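Residue-level listing of the chains:
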Amino acid sequence: MSQPPDLREAPAHHAAPSCPPGSSTGRVVIVSASVGAGHDGAAAQLALRLSHLGFSVDRHDFLDLIPAGFGRLVSDSYRLLLTIAPSAYQRIYSATENAGRPGLMIRLMQRSSHRRLLRRLPPDTLAVVATYPLAGQVLGTLRRRGRLAVPAAVYLTDFSVHPLWVAPGADLHLAAHPVPAGQAREHGAERVVVAGPVVDPRFTPATDAQRSTARARFGLPADAPLALLVAGSWGVGEVAKVAAEIRDTGAAVPVVVCGKNGPLAARLRADGIEHAFGWVDDMPGLMHACDVLVQNAGGLTSLEAFACGLPTVSYRCIPGHGQTNAAALDEAGLAPWIEDPADLKPVLAAMVDGITRRRYREAGLALHREATGPANAIAAVAEQYAAGQYAAERSGATTTSPAIPLAPAIPAQRRHPGRATAPAPRRPVRKLGIAAAALAATAWLATGGTQLAVAYGGFDTVDPDHTGRAYLVVHPPHNGRLDDATLRTLVAEKAAVSIDAAEAAADPGEVRRLASAGLTVVNAGYGPPYATGIVTRRDSVEAGATALRAATGAAARFFLSGTDLDALDLGLAAYHHEHVVVPDARIACGTSTPPAVRPGQVVLVECGDAHPADLSATLHRLATTPHRLPRLGALTTLS
């Protein structure tokens, strides 16, 4: 067999290696990330199954591929956000969800990892797999630019799919269920395989004897119903509160796993939660001992519970992916999402015994029983590459078959070893560089730094995340007054109305009518897109505040903003005693299928030039299945 090419910088139109997968010369490289345990857990199980199929497998931590220790900084910052400032993570998650791409700093870190990743690919590599979204983005970029010659796959470890999971250029995306597969397609993934989950084979349904033995081994009550509460490897979320709530329902005894958060386990035991554990090596055994799983992130632990036939519920989920995963699991019929604490007791009771328990248990087992397996899909891709079998056409359809056609290999960038390299540019004058750096730092602190501070929930920014409610803000139509019925609906839904400076000046009587009806009037500055800035529209806050005061005789308590707040805006909002409101989701008035609204969101309905009747129709659609509004709250309760 001829020596395969060096994949670190693949030559153009190279021949695929002729070695068949399953031989010692066939290799798959998996790129994960030690951000929590889910990504690494999925990578470990993929590696195990691929090894059983005969492949050599290399695993790399994406965080180690980012230079200067920035990868670890990303992980530590993520953990810090979830621990002490979950609302910050929610805002960052929502911002990237709406943008569909990472921010500038993340893109720079990704770019810095390209060459390091290519250097870690041995010549006999047949495929590369990412189990972490940023790693998938890097693989897709390298494939798209022709620097990666072998197929690239992304395994979606989350049950909901954030847009950053979809990597343009990747050969395929692997999903555990049709729900995440459909979300991946909606975000632009061209080739999606529903391959099912991958978990440790020790997670299997328990017999009565295994259940009794496991309870005795962990020192748990022999006959009481047990609710296993997990909070990931970091032990984050409202763990203590949920444990106490489970105990107080009387429906089950809480059994809490705090992961690596030992102090949390000690604190729970001091608070009377008798069965609180730190890191548990035998999670299959603990699941065998319990009757229901209560989870807050929707990650790998949920999939492991399904494999054990352990009914699962989502409750008080962490922001961002925790809530979207809960919604996706609920939609898939695998785990109900308890959004109202009053429902905790009856749902737990139903999950411990009865028809409901059996239905969810069977659904979880079927997810694993009917899966073809992501490792098989990856093996099929590697086999096609090794055999040189590439189809010329792309197919955008979602498929359940792992043996899907692949796109042609993207020509790699050519090297020109004989070409003389240009001399390195002269370094700029040191003082000039220092001045430029200082100017850039000042600009960032006044803009991007301010946005980060707002994301942390500071500077009087409203934070609905832990209330369990959503908050509705409506920017009414420009071309007509609201009828009395719509006005009564808005009042009943505790909605606020945002009015910009031009609208307040044009029809102050209508603004007074809205305020007199009991609606909270929000300062919308100069209106959509609610842009502000140091250079442009810098008096947006003040213009809106002045116009509303003139129309109603009272000061507005809230300022509606986009995500481009700067230090001047925050100063003006504070001067006018207005709390900053940054919407988590926007819905166009008249939308036929508005997105589902989640608790903890500020949702803005923008009517623009729509007819007032369109607002009534939109409110009706939001309130009906499957887009039923969660419990709504009034903005005034957040100030």
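The residue numbers shown here count from 1 along each chain, following its written sequence. Given that the model is predicted, a residue must reach a pLDDT of at least 70 before its local features are reported, and side-chain atom pairs must reach 80 or more before they are shown or counted; all residues, however, enter totals for whole chains, interfaces and linings. Heavy atoms throughout the structure, all of them, feed into the side-chain values; hydrogens and water do not.

## Examining the environment of Arg247
Following the sequence through the fold, Arg247 ends up in helix α9 (residues 239–249). On a C-alpha basis, the gap between Arg247 and Lys345 in space is 9.8 Å, while along the polypeptide they are 98 residues apart. Contact between two residues is taken to exist if any of their heavy atoms lie within 4.5 Å; hydrogens are not considered. The residues touching Arg247, leaving out its near neighbours within four places in the chain, are Ala252, Pro254, Asp271, Gly272 and Ile273. In the analysis that follows, any N or O atom pair within 3.5 Å is treated as a polar contact, provided that within protein one partner can donate a hydrogen and the other can accept it, and provided that, for residues neighboring in sequence, both atoms belong to side chains. A distance of 3.4 Å separates a polar atom in the side chain of Arg247 from a polar atom in the side chain of Asp248. Runs of E in the DSSP output that reach at least two residues are strands. Runs of H or I that reach at least four are helices, and both are numbered from the N terminus.

## With respect to the environment of Pro254
Tracing the sequence through the fold places Pro254 in strand β8 (residues 253–257). In this structure, the C-alpha to C-alpha distance between Pro254 and Val294, residues 40 residues apart in sequence, is 9.3 Å.

## A short note on helix α14 (residues 344–352)
Every buried residue of α14 is listed here: Leu344, Leu348, Met351 and Val352. Along α14, the residues classed as buried sweep out an arc of 100° about the axis, all on the same side. Contacts from the buried residues of α14 go to α9, β10 (292–295), β11 (312–315), β12 (337–338) and α15 (355–369). Burial classes: relative accessible area under 20% of the type maximum marks a residue as buried, over 50% as exposed, and values in between as partly exposed (1.4 Å probe, protein chains only). Comment: arc refers to directions from the helix axis out to C-beta atoms.

## Section: the side chain of Thr312
Relative to the elements of secondary structure, Thr312 occurs in strand β11. Discounting chain neighbours no more than four positions away, the residues touching Thr312 are Leu293, Gln295, Ser302, Ala305, Phe306, Leu334, Ala335, Pro336 and Met351.

## Notes on the nonpolar core
Definition used in this section: a nonpolar core is a set of buried Ala, Val, Leu, Ile, Met, Phe, Trp, Tyr and Cys residues joined via side-chain atoms within 4.5 Å. One finds Phe62 and Leu148 to be the most contacted residues of the largest nonpolar core, which totals 53 residues. With eight residues, the single largest contributor to this core is helix α16 (residues 374–386).

## Topic: the pattern of salt bridges
Should a side-chain nitrogen of Lys or Arg be within 4 Å of a carboxyl oxygen of Asp or Glu, the pair is scored as a salt bridge. Applying the stated criterion across every chain, the model contains 15 salt bridges. The salt bridge partner of Arg143 is Asp171, with a shortest N-O separation of 3.0 Å. Here Arg143, found in helix α6 (residues 133–144), pairs with Asp171, found in the loop between β4 (152–155) and β5 (172–175); they are 28 residues apart in sequence, far enough to count as distant. Across the pair Arg211 and Asp291 runs a salt bridge, and its minimum N-O distance is 3.2 Å. Residue Arg211 is located in helix α8 (residues 208–218), and its partner Asp291 is located in the loop between α11 (283–289) and β10; the two are separated by 80 residues in the primary sequence. Overall, the relative accessible area of 8% leaves Asp291 in the buried class. Three or more residues joined by partner-sharing salt bridges are found here, namely Arg481, Asp484, Asp507, Glu510 and Arg513.

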